[in-house]
4 protein chains.
Amino acid sequence: MNIRPRENAPAWKQNAYRIIFESDTRAGQLFDIVLLVAIVLSVLAVMLESVRSIEAQYGPALRVVEWVFTGLFLVEYVLRLLVVRRPLAYALSLLGIIDFLSIVPTLAALVLAGSRYLLVIRTLRLLRVFRIFKLGQFVGEGEFIVQALRASRFKILVFLTAVFTLTIVVGTLMYVVEGGQNGFTSIPKSVYWAIVTLTTVGYGDISPATVLGQSLASVLMIMGYAIIAVPTGIVSAQMALPASGRPAAPPAFRQALCHVCQAPEHRPDAEYCWRCGEKL
Amino acid sequence: MNIRPRENAPAWKQNAYRIIFESDTRAGQLFDIVLLVAIVLSVLAVMLESVRSIEAQYGPALRVVEWVFTGLFLVEYVLRLLVVRRPLAYALSLLGIIDFLSIVPTLAALVLAGSRYLLVIRTLRLLRVFRIFKLGQFVGEGEFIVQALRASRFKILVFLTAVFTLTIVVGTLMYVVEGGQNGFTSIPKSVYWAIVTLTTVGYGDISPATVLGQSLASVLMIMGYAIIAVPTGIVSAQMALPASGRPAAPPAFRQALCHVCQAPEHRPDAEYCWRCGEKL
Amino acid sequence: MNIRPRENAPAWKQNAYRIIFESDTRAGQLFDIVLLVAIVLSVLAVMLESVRSIEAQYGPALRVVEWVFTGLFLVEYVLRLLVVRRPLAYALSLLGIIDFLSIVPTLAALVLAGSRYLLVIRTLRLLRVFRIFKLGQFVGEGEFIVQALRASRFKILVFLTAVFTLTIVVGTLMYVVEGGQNGFTSIPKSVYWAIVTLTTVGYGDISPATVLGQSLASVLMIMGYAIIAVPTGIVSAQMALPASGRPAAPPAFRQALCHVCQAPEHRPDAEYCWRCGEKL
Amino acid sequence: MNIRPRENAPAWKQNAYRIIFESDTRAGQLFDIVLLVAIVLSVLAVMLESVRSIEAQYGPALRVVEWVFTGLFLVEYVLRLLVVRRPLAYALSLLGIIDFLSIVPTLAALVLAGSRYLLVIRTLRLLRVFRIFKLGQFVGEGEFIVQALRASRFKILVFLTAVFTLTIVVGTLMYVVEGGQNGFTSIPKSVYWAIVTLTTVGYGDISPATVLGQSLASVLMIMGYAIIAVPTGIVSAQMALPASGRPAAPPAFRQALCHVCQAPEHRPDAEYCWRCGEKL
């Protein structure tokens, strides 16, 4: 949706929009970089505040930092609302919601302690980093990844459903086999163990101790070994597709339509339309 | 095998079959969704019952839930038997056996305690979820995965045999090297460790403590690093196959030459020559 | 090297060779299957003997089993030597050496206790399993994997050298950073840790406890995440090669040569030689 | 930059350059191999020195070894400076800096204890190993890997940024969920845990103990399962690219038609038409 200010809007709005929302000017890029640094610093502050020893020493200072950043982000948010053509459209867009959510927790923490940690939602603002490289190669690359994942989403969903069913069955089996001992104290815990094992994470907080349990676990691990090939294969094949598909395209028909019958896709060296025989 | 009721069967059978076994009608889809929810809930009940604290508090209620679901599934199973053309064919099909096994454990638990956990076989009924998306894209995707795995099955079998042989040899070596200490108390245990390591799960319940043992483990890990590439490569190559095979077809120009100017390579649907404009 | 008995060898040699070394006859296949079962059982016996509780109870019986199998394998080994054309060529082939090594340990154990565990070398005899499927699809599949790995061997070697260098550098850094604490008691141990981490095995027997150490470990893990893509990519690309290469071949020239100028590779529909213009 | 000595330089410089910097002569290859062995031995010495028990016994001897190697490398470094055309250009090149850094720590350790471990920078000199195989297949293979990674670097950077953002968000969530217990004592520690989990390393030094925490961890693991497919897919697709690109060329028939029968698709080296036998 177009949120750029109308052409008859005052000049300051036009300029502010260019600086805040776009990054094809010097000032716009500077704004984006300053914003990114601010985001990183504010996230860092929240993270440091959670470390007890740092909190004990620098607690008050960090809280000041937090309020300063919250203030800055509030100003920025209001500016964005003022500048755009349709404030509501921006406020309800994904980026708008993230911008809003990165301000609220500080205020909410006055009422409800602990909600301050939601400030880490600010991390999501880091996604703006991709904006800066807009003119560069990054957007295309990100889109390439996202598009490959989107094209594979049904396959991955089917795959994950099968994996999830498998972990429930194996988890229950292990619960029965290990007899509720060695950490397998309930079926949900055993399923958790099965997921930890199948994904090859393997914490070791729960691990089988009976011979039968270890045999079953071995089978699960070797299956996981073969299974991990599936999502990789799906995404690899998907990503290789355009690469090996590209050469297929370049039959490279001419884009211009026939001026008589509007037939598309003529050979690049064609002199006559293939449908109506008219001189191109 | 065709289990659809004969055309001269009573109308209620025809309708019941459509609702229970197919999902191309409103009612059929509704039936499938209700069934799925029931399956999920019944599996959840079994899982929760295994958690001691929940069992202590809600045990009787959960047992009632279990009997209710078992009753429902029994009714459904009998209905399926009544409706189909050849009850035995259905009862001996994979889905039929799973349907049957998801009822039995509750009854068996009256005789043999502990067999109730086999109720989790019900999870396998979740595979029916794919039926609902029959009209959608899911069946094709699932078939794509299954077909790629089936085409790779000999390669994966050869690969797993080699891996298994490797783990037995390395496991025994480690047993000798670590001298029965540090958890390597027997060859089977050492083989179990080798599998845990080679698959990169790495629980850490058993890990080498001697210098020689750690060196050997390092070699195994780095080999595992290279080895994990094999199943992934197999499946990726298999999945990329149709993709890179498909584009091979589309050049697909018509082979016939223009009878006037002998120009080759006309579009298959071309009516006029692209070089001289003559009617083909 | 051809080890098949000469054509003028006595008939019993010819027959014995067919049974022992080949598997294209009934008897030959039966021999191979019996041999495989014997190998599996003898390996199992060695493994079980290492389990203390089983050894305490069935120790003598297992030792008898071991001697019986060793006797059988000895007879088999002698038979092989008698039957082949050049006994030395067989004895020095890879399979011959493995066959020999699977007999020796039992005898050696009389002198040197503990060497009996080398019996697990017998596992390598399991590789004979692939012989049985010789006529089937397995040999081709195994060759496909081996050939893909062989074609990638230089790439993988370069890759492993780089990985190994990286683990030494990171391991030493961690030794300095963690100050010899938390399990990082020496550089070799730290390198071992780096390998455990980079390969995503992650036992957890050694893990960083300082903030700087955990940061460095995080970087290593994320690098390992990207690095693991390399061997997979190498093997995948290699395996996809023949698949996407195959369609490239079928220009499918005719194999027959021109009867005048011996020019090869004519179009399948060619009527005249492309080099000398003679009627084909 | 060309650092080869001028053509009017004294003969000993020309020869020394050939031996030290190149490996296309007998002497040059010998020099490289001796150098490599020296590097490996000196790195080994540093590593062994860090093992307390070995240090206690062989400490003085190892220190002598270290000084000997440092002396040798110093001589080598000075020689390199003397021989090349522009000493500064070499000293500031990557290899020159590594060569320099592999000498300094021993001297620096006189002043600042502990800096001796930086000697492991010498490991980087192992990269010279690839020089020896210069004439062989290795350089091409290494370049293949490096080039595939370089071509994928933007995609991998975008991917890693997304992964890093994800770990911060999940880490904070876990900190809130586990309530600062079970090792999740601060947000940075929780982020560290998230990285350990998402990369499937899974030490188990920190692992969730609450039901909610284990559920969240399960989701993260299964996501990691799907996510690991991304870098692999990127690199695989990249590496498969030239392979599937190459076969695209070979159709390569000559486009010109026969001037008599207008037959298309002649071999590029054909002299006669394959259909009518006329001279092309």
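None of these values were measured; they are calculated from a predicted model.

### As for the overall build of chain A
Along the backbone of chain A there are 13 helices and 0 strands. Beginning at the N terminus, the succession of helices and strands in chain A can be written as α-α-α-α-α-α-α-α-α-α-α-α-α. The 280 residues of chain A split such that 48% are buried. Of the roughly 13,300 Å² of accessible surface on chain A, a fraction of 68% belongs to carbon and sulfur atoms.

### Regarding the nonpolar core
Membership of the largest hydrophobic core comes to 235 residues, with the highest contact counts inside it found for Trp193(A), Met239(A), Trp193(B), Met239(B), Trp193(C), Met239(C) and Trp193(D). Contact partners of Met239(B), with chain neighbours within four places excluded, come to Val230(A), Gly233(A), Ile234(A), Ala237(A), Phe144(B), Ile145(B) and Ala148(B).

### Section: unusual backbone geometry
Backbone phi values are negative for most residues with the exception of glycine, while trans is the configuration of most peptide bonds. Even without glycine at this site, Thr200(C) takes up a positive phi of about 60°. By the element assignment, Thr200(C) lies in the loop between helix 10 (187–198) and helix 11 (211–227).

### Section: the packing of helix 10 (residues 153–178) of chain A against helix 12 (residues 211–227) of chain A
Residues and elements named next belong to chain A. Where helix 10 contacts helix 12, the axes come no closer than 10 Å and their chain directions differ by 170°. Classified by the angle between their axes, helix 10 and helix 12 sit roughly antiparallel to one another. Side by side, helix 10 and helix 12 meet where Phe-159, Val-163, Leu-166, Val-170, Leu-173, Met-174, Val-177 and Glu-178 of the first sit next to Leu-212, Gly-213, Leu-216, Leu-220, Met-223 and Ile-227 of the second. Residues belonging to the contact of helix 10 with helix 12 are distributed by class as follows: 12 nonpolar, 1 polar and 1 charged.

### As for a nonpolar patch on the surface
On the surface, Trp12(A), Leu74(A), Val75(A), Val78(A), Leu79(A) and Leu82(A) cluster together into a nonpolar patch covering about 540 Å² of accessible area. As for its placement among the helices and strands, Leu79(A) is situated in helix 3 (residues 52–83).

### Overview of helix 11 (residues 211–227) of chain D
With 17 residues, helix 11 of chain D extends 24 Å between its outermost C-alpha atoms, agreeing within 8% with the 24 Å of an ideal straight helix rising 1.5 Å per residue. Along helix 11 of chain D, the residues classified as buried are Gly213(D), Gln214(D), Ala217(D), Ser218(D), Leu220(D), Met221(D), Ile222(D), Gly224(D), Tyr225(D), Ala226(D) and Ile227(D).

### Thoughts on the pattern of salt bridges
Evaluation of the coordinates by the stated rule reveals 16 salt bridges over all chains. Salt bridges here are not isolated pairs; linked through shared partners, they connect Glu49(A), Glu55(A) and Arg63(A).

### Considerations on the environment of Arg86(C)
When you line up the elements, Arg86(C) lands in the loop between helix 3 (52–83) and helix 4 (87–91). Along the chain, Arg86(C) and Ile3(C) lie 83 residues apart, while their C-alpha atoms are 5.8 Å from each other.

### Points about the confidence of the model for chain A
Note: predicted coordinates in regions of low pLDDT should not be interpreted at a detailed level. Residue and element names in this part refer to chain A. Scored by pLDDT, chain A has a mean of 77; 76% of the residues are at 70 or more. Across chain A, element-level confidence peaks in helix 11 (residues 187–198) with a mean pLDDT of 90 and bottoms out in helix 8 (residues 129–132) with 58. This stretch, residues 243–252, has a pLDDT under 50; its non-local contacts, to residues over four places away or in other chains, come to 9 contacts. The ipTM, which scores confidence in the relative placement of chains, is 0.74 for this predicted complex, and the corresponding pTM is 0.77.

### What about helix 3 (residues 52–83) of chain B?
All names here are of chain B. Where helix 3 bends most, the angle comes to about 85°, and this point is Tyr-58, followed within four residues by the proline Pro-60. Turning to helix 3, its buried residues are Gly-59, Leu-62, Glu-66, Phe-69, Thr-70, Phe-73, Glu-76, Tyr-77, Arg-80 and Val-83. Buried residues along helix 3 sit in contact with helix 1 (11–21), helix 2 (26–49), helix 4 (87–91), helix 5 (94–101) and helix 6 (104–111).

### Comments concerning the UniProt feature "transmembrane region" (unreviewed entry) in chain A
Residues and elements named next belong to chain A. The positions that UniProt labels "transmembrane region" (unreviewed entry) are, in the present scheme, residues 30–48, 60–83, 89–119, 156–177 and 216–237. With 100% helix and 0% strand, residues 60–83 has end C-alpha atoms that lie 35 Å from one another. Helix makes up 95% of residues 216–237 and strand 0%, whereas the separation of the span's terminal C-alpha atoms amounts to 32 Å.

### Considerations on the packing of aromatic side chains
Residue and element names in this part refer to chain D. Summed over all chains, the structure comprises 24 aromatic pairs over all chains. Between Phe-69 and Phe-73, the ring centres sit 6.2 Å apart and the planes meet at 25°, which makes this aromatic pair stacked. Taken as a pair, Phe-69 and Phe-73 lie in helix 3 (residues 52–83) at a separation of 4 residues, close to a single helical turn. For the residue pair Phe-69 and Phe-73, the accessibility class agrees, reading buried in each case. Here the aromatic rings of Tyr-77 and Tyr-90 are separated by 6.1 Å at their centres, their planes lie at 45°, and the arrangement is tilted. Taken together, the residues span a long stretch of sequence, with Tyr-77 in helix 3 and Tyr-90 in helix 4 (residues 87–91) at a distance of 13 residues. Assessed through its relative accessible area of 11%, Tyr-77 is described here as buried.

### Looking at the packing of helix 10 (residues 187–198) of chain B against helix 11 (residues 211–227) of chain B
All names here are of chain B. Look at helix 10 against helix 11: their axes get within 9 Å of each other, and the N-to-C directions meet at 50°. Regarding the angle of helix 10 to helix 11, the classification is oblique. Taking contact as the criterion, the partners of Trp-193, Ala-194, Thr-197 and Leu-198 in helix 10 are, on helix 11, Ala-217, Leu-220, Met-221, Gly-224 and Ile-227.

### Topic: the side chain of Arg80(C)
Residue and element names in this part refer to chain C. Its location among the elements puts Arg-80 in helix 3. For Arg-80, a relative accessible area of 0% corresponds to the buried category. Within the local environment of Arg-80, its side chain forms a polar contact with the side chain of Glu-76, the two groups lying 2.7 Å apart.

### Some remarks on the environment of Ser102(A)
Residue and element names in this part refer to chain A. Topologically, Ser-102 is positioned in the loop between helix 5 (94–101) and helix 6 (104–111). Sequence separation of Ser-102 and Arg-122 is 20 residues, and the distance between their C-alpha atoms is 4.9 Å. Within the structure, the side chain of Ser-102 is placed 2.8 Å from the backbone oxygen of Asp-99, a separation counted as a polar contact.

### Some details on the environment of Leu157(C)
Among the structural elements, Leu157(C) can be located in helix 9 (residues 153–178). Expressed as a C-alpha distance, the spacing of Leu157(C) and Ile19(C), which sit 138 residues apart in the sequence, is 41 Å.

### Some remarks on the side chain of Glu178(C)
Tracing the backbone shows Glu178(C) in helix 9. Buried charge without a partner: Glu178(C) forms no salt bridge, and the closest opposite charge is Lys189(D), 9.7 Å away. Within polar-contact distance, the side chain of Glu178(C) engages the side chain of Thr210(C) at 2.6 Å. With residues near it in sequence (within four places) discarded, Glu178(C) still touches Phe184(C), Pro208(C), Ala209(C), Thr210(C) and Gly213(C).

Parameters and conventions
Residues numbered from 1 in each chain as written. Chains lettered and ligands numbered in written order. Predicted model: local features only at pLDDT ≥ 70, side-chain atom pairs only at ≥ 80, totals over all residues. Heavy atoms only, no water. Helix = DSSP H or I, 4+ residues; strand = E, 2+ residues; numbered from the N terminus. Buried < 20%, exposed > 50% of the residue type's maximum accessible area, 1.4 Å probe, protein only. Areas by Shrake-Rupley, 256 points an atom, 1.4 Å probe, with all protein chains shown as cover. Core = buried A, V, L, I, M, F, W, Y, C linked by side-chain atoms within 4.5 Å. Contact = heavy atoms within 4.5 Å. Axes fitted to C-alpha atoms, helices over the stretch in contact; angles between N-to-C directions. Parallel < 35°, antiparallel > 145°, perpendicular 65-115°, else oblique. Nonpolar A, V, L, I, M, F, W, Y, C, P; charged D, E, K, R; others polar. Patch = residues over 30% accessible without salt bridge, like charges linked within 9 Å, V, L, I, M, F, W, Y side chains within 5 Å. Salt bridge = Lys/Arg side-chain N within 4 Å of Asp/Glu carboxyl O. Expected span 1.5 Å × (residues − 1). pLDDT = per-residue confidence, 0-100. Bend = angle between axes of the 7 residues up to and from the residue. UniProt positions renumbered as here; feature names shortened; annotations may be inferred. Phe/Tyr/Trp six-rings, centres within 6.5 Å; stacked < 30°, edge-to-face > 60°. Polar contact = N/O pair within 3.5 Å; in protein donor to acceptor, adjacent residues only side chain to side chain. Lys, Arg positive; Asp, Glu negative; His and termini not counted.

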